[in-house]
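# Fold and geometry: a report
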Amino acid sequence: DAGVTQSPTHLIKTRGQHVTLRCSPISGHKSVSWYQQVLGQGPQFIFQYYEKEERGRGNFPDRFSARQFPNYSSELNVNALLLGDSALYLCASSSTDMNTEAFFGQGTRLTVV
Amino acid sequence: EDKVVQSPLSLVVHEGDTVTLNCSYEVTNFRSLLWYKQEKKAPTFLFMLTSSGIEKKSGRLSSILDKKELFSILNITATQTGDSAIYLCAVLRFNDMRFGAGTRLTVKP
C-alpha cells in the first residue's frame, strides 16, 4: 500500500507568487491535515479536512487556503508568498476525523526567494 | 495558551546508552499524546498514549503517560546510531495536533 504522497518534493518561488501543494492520503483514509514546519521547530497545524469539509484551522493568515476532493486528496494553496513562508509543508492522513494515529508524507520543501 | 514543551532540546550519547526524553503539556481538549521520530522529512509514528500509567513498548523504545502531572517520557535503551533523529511529542486535540519543538538525539558510535 502506498503511504501518504506529496508533490512536489521541492519548490522555489519568488515573493508575491502563488503556490499549490498536493497530497494524496493513504487509501481508505478520509482525513487530511496540513502542517508547516519551520527549521528548528515542530510542525504547526494549518488545516484539517474530513469528508471534504474543513474541520479545523490553525492560526495562519487568509493567504493560506485548502480544499479536499471527492477522492480525499487535498491541495494547500498559499497566495502572495512571503520569505517567512519558506518551510517544510507536511501532509498527514488518518482514518477518522478524530485524528487517531496520523501518518505523514515526505513533505514539500518550499523556498521563497 | 496551549503548549507542549520537550526537554532536552538536544542530546548526544554513545551507542549502548539509555536515554529518556521528556514531554510536558498544558493543553485543552486533550485526547491523546503521540510520539514521532523525524529523520529527514516525514515524521514516523512511534506511539499513541491515551491512558495514564500504561507503558507502551516497541523493541528498545517505550513510553508512558502521566495525565495527572501532564507529562510523558520516551525511553530508548541500548541506543544505536540509527536512533539519531529528532523526536517529536504531539498532543492530539479535537481537530489538530500540537507539537513540541522536538529533541534532537545524536548517537555516536
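## Details of the state of the cysteines
As enumerated under the stated definition, the model contains two disulfides over all chains in all. The disulfide that involves Cys 23 of chain A links it to Cys 91 of chain A, with 1.8 Å between the sulfurs. Classification of the bridge connecting Cys 23 of chain A and Cys 91 of chain A rests on its S-S torsion, roughly -60°, and on that basis the disulfide is left-handed. Placement of the pair is Cys 23 of chain A in strand E3 (residues 19–24) and Cys 91 of chain A in strand E9 (residues 87–94), with a sequence separation of 68 residues. For Cys 23 of chain A, a relative accessible area of 2% translates into the label buried. Judged by its relative accessible area of 0%, Cys 91 of chain A is buried. Linked covalently through their sulfurs, Cys 23 of chain B and Cys 89 of chain B form a disulfide whose S-S length is 1.9 Å. Because the sign of the S-S torsion sets the handedness, a value of about -60° for the bond joining Cys 23 of chain B and Cys 89 of chain B places this disulfide among the left-handed ones.

## So, the sheet that holds strand E8 (residues 71–76) of chain B
Two modes of strand pairing occur in sheets, parallel and antiparallel, and in both the strands are linked by backbone hydrogen bonds. Residues and elements named next belong to chain B. Across the sheet, five strands lie side by side as E1-E3-E8-E7-E6; this open sheet has antiparallel pairing. The sheet is open, and its two borders are formed by strand E1 (3–7) and strand E6 (56–58), each paired with just one other strand. On average, adjacent strands in this sheet sit at an angle of 15° to one another, irrespective of strand direction. Judged from the three bridges that link them, E6 and strand E7 (residues 61–66) form a sheet pairing that is antiparallel. Within the sheet, the bridge partner assigned to Lys 56 lies in E7 and is Ser 63.

## As for the pairing of strand E11 (residues 103–108) of chain B
Residues and elements named next belong to chain B. Across the two faces of E11 the burial differs, with Thr 103, Leu 105 and Val 107 buried and Arg 104, Thr 106 and Lys 108 not buried at all. Note that strand E2 (residues 10–14) and E11 share five bridges and pair parallel. Following the sheet pairing, Ser 10 is matched in E11 by Arg 104. As defined by bridge partners, strand E9 (residues 85–92) adjoins E11 across three bridges and the pair is classed as antiparallel. Within E11, the position partnered with Tyr 87 by the bridge is Thr 103.

What counts and what doesn't
- Residues numbered from 1 in each chain as written.
- Chains lettered and ligands numbered in written order.
- Predicted model: local features only at pLDDT ≥ 70, side-chain atom pairs only at ≥ 80, totals over all residues.
- Heavy atoms only, no water.
- Disulfide = S-S within 2.5 Å.
- Helix = DSSP H or I, 4+ residues; strand = E, 2+ residues; numbered from the N terminus.
- Buried < 20%, exposed > 50% of the residue type's maximum accessible area, 1.4 Å probe, protein only.
- Pairing = 2+ DSSP bridges.
- Axes fitted to C-alpha atoms, helices over the stretch in contact; angles between N-to-C directions.

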